[in-house]
Amino acid sequence: MLHLVNVRLPLIHDHALFEVKITDGIYTSIVLQNGYMEDDEFEELHADILGKETALDAQGRVMLPGFVDMHMHLDKAHSLPQVPNLSGTLSEAVENYASSIALFSEEEIRQRIVKTALQALANGTTAIRTHIDFNCLLEEDILFRGLQAAADARDELSPYMEIQLVPLFGSVNTHDDYIMRKVERAAELGIDAIGGCPHLASHPNEDIDALFTLAKKYDLPLDLHIDESDNPNIDTIIYLAEQTIAHKMEGKVVAGHLCSLAGMDEEKVQKILTLMRDAKIGAVTLPAANLYLQGREDRGIIRRGVTRIKELQKSAIPVATASDNVHDPFHPFGKADLLQIGLLTGYVAHMGSPEEQKQLLRMITSIPARLIGKRKYGIEEGNEANFVLLNVQSMPEIWTEIPETRFVYVQKRWVSVKETHQRLADHNLTALWKENQLLIG
């Protein structure tokens, strides 16, 4: 049993302190404290329960649910040294990586995936949905390297975190038996959604039809890259929303990127937002990669390339934010840190008020958790205990300090301690970390 006192839960209350009890990996009690529990009170409490549970004085630190990074490309992560992108454009990134896939061994891809996933875990992310390239025209030996490597990494890291797999099905022909055998083999690896990039297909609507066919065949949701373009005439989201309703898949479709939405006129935008709301389509913004890749051909005023985050939110469309790419030809920067991504989202979407800062936290926790189908998530009695303890004392400090010191608890134990400021780790925390076997020091 784990018993925490003097914990701040900013997603529940702005300023109050809480007492939190965890038994067998489940939140059993979350109680509002009557002020700060002083040292003598804590010592008395600790003496009373010694041998029955572990008591921890969080000393006013902030606790958040484990972060959910619902749009990453773990198979590409840290590939930039092998796959450069001199122009910095999306087209060169796509071309260069596609031509390099055959050069990577399955083991090399697996190692990159594990490295990046553990980096994310150390930063507080306990669930990742990774999109994996899957061009059905490739030979199977090459085609399955990324997906098999991701499946192996998922299984290897399952004691510490959740990794969901989403193949980016390209060149799908549901009438071609050879291609469908590849799809069937992919499904047998245990995939979590049907992915794709229909706006890049020569016939986007036909591609969307094929992806819906796969979703219905395997009873899986759709999580697609949609309209990652500066061109306001690229609007596959319209057909996607219409087909979501036609197939009665409301609430089971997610659209990532939606960059072209930013360049459209207001009348068209409102039409699309209404369609998305009616279809209950979730949205994911990827500000880091979109800021870096989009607007490359603009002159004068350079567009940001990020979708209309606030307009989507005002239309009651759930919007998550995610890392996308880490140190690869699509995005040379990043460190798999959702607090960094959340801060970037705040800048690009002009989200700075107290309520908007709190919404940024939801965009990396409860919203993506719901969009990827997680149950029993969040700091509530009866839910699985899955949290990150941050070395700050308030919600605003999360964004002003982006604290490096983080303690991650999931699956009934501490799995990660990211500690860079030793002076800020009091004796209670230090003793507790030593009592537990940790994945990351």
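Structural data are supplied above this passage.
Predicted model only: the values in this text are computed from it and were never measured. (Residues numbered from 1 in each chain as written. Predicted model: local features only at pLDDT ≥ 70, side-chain atom pairs only at ≥ 80, totals over all residues. Heavy atoms only, no water.)

Visitor: Explain the pairing of strand S2 (residues 17-23) to me, please; I cannot follow it from the model alone.
Guide: Where a strand is regular, its side chains alternate between the two sheet faces. For S2, the tally of buried residues reaches 5 of 7 residues, placing the bulk of the element in the interior. Here 5 bridges tie strand S1 (residues 2-8) to S2, and the two strands are oriented antiparallel to one another. Its bridge partner lying in S2, Leu-4 is registered against Val-20. Judged from the 6 bridges that link them, S2 and strand S3 (residues 26-32) form a sheet pairing that is antiparallel. Bridged to Thr-23 within S3 is Ile-26. (Buried < 20%, exposed > 50% of the residue type's maximum accessible area, 1.4 Å probe, protein only. Helix = DSSP H or I, 4+ residues; strand = E, 2+ residues; numbered from the N terminus. Pairing = 2+ DSSP bridges.)

Visitor: Would you mind showing me how to read the side chain of Ser-100 here?
Guide: Secondary-structure assignment places Ser-100 in helix H2 (residues 90-100). Here the side chain of Ser-100 touches Asn-96 through a polar contact of 2.8 Å, landing on its backbone oxygen. (Polar contact = N/O pair within 3.5 Å; in protein donor to acceptor, adjacent residues only side chain to side chain.)

Visitor: Any chance you could explain the pattern of salt bridges here in plain terms?
Guide: If the charged atoms of two oppositely charged side chains come close together, the side chains can form a pair. Overall, the coordinates contain 20 salt bridges when judged by the stated rule. Between Lys-268 and Asp-235 there is a salt bridge; the shortest N-O distance is 2.9 Å. Here Lys-268 is found in helix H8 (residues 266-279), whereas its partner Asp-235 is found in the loop between strand S9 (222-226) and helix H7 (236-246), with 33 residues between them in sequence. The salt bridge partner of Lys-335 is Glu-404, with a shortest N-O separation of 3.2 Å. With Lys-335 in the loop between strand S12 (319-321) and helix H11 (338-348) and Glu-404 in the loop between helix H14 (395-401) and strand S14 (406-410), the pair connects residues that are 69 residues apart, well separated along the chain. The partly exposed category is assigned to Lys-335, whose relative accessible area is 28%. Within the structure, one salt-bridge network assembled from shared partners comprises Glu-107, Arg-110 and Glu-156. (Salt bridge = Lys/Arg side-chain N within 4 Å of Asp/Glu carboxyl O.)

Visitor: Just to check I follow, could you spell out unusual backbone geometry for this structure?
Guide: A negative phi angle is the norm for most residues apart from glycine, just as the trans form is the norm for most peptide bonds. With a phi close to 55 degrees, Lys-280 is a non-glycine residue in the positive phi region. Residue position: Lys-280 is located in the loop between H8 and strand S11 (282-285). Classification of Lys-280 by relative accessible area gives exposed; the value is 56%. The phi angle at His-327 is positive, at roughly 50 degrees, despite the residue not being glycine.

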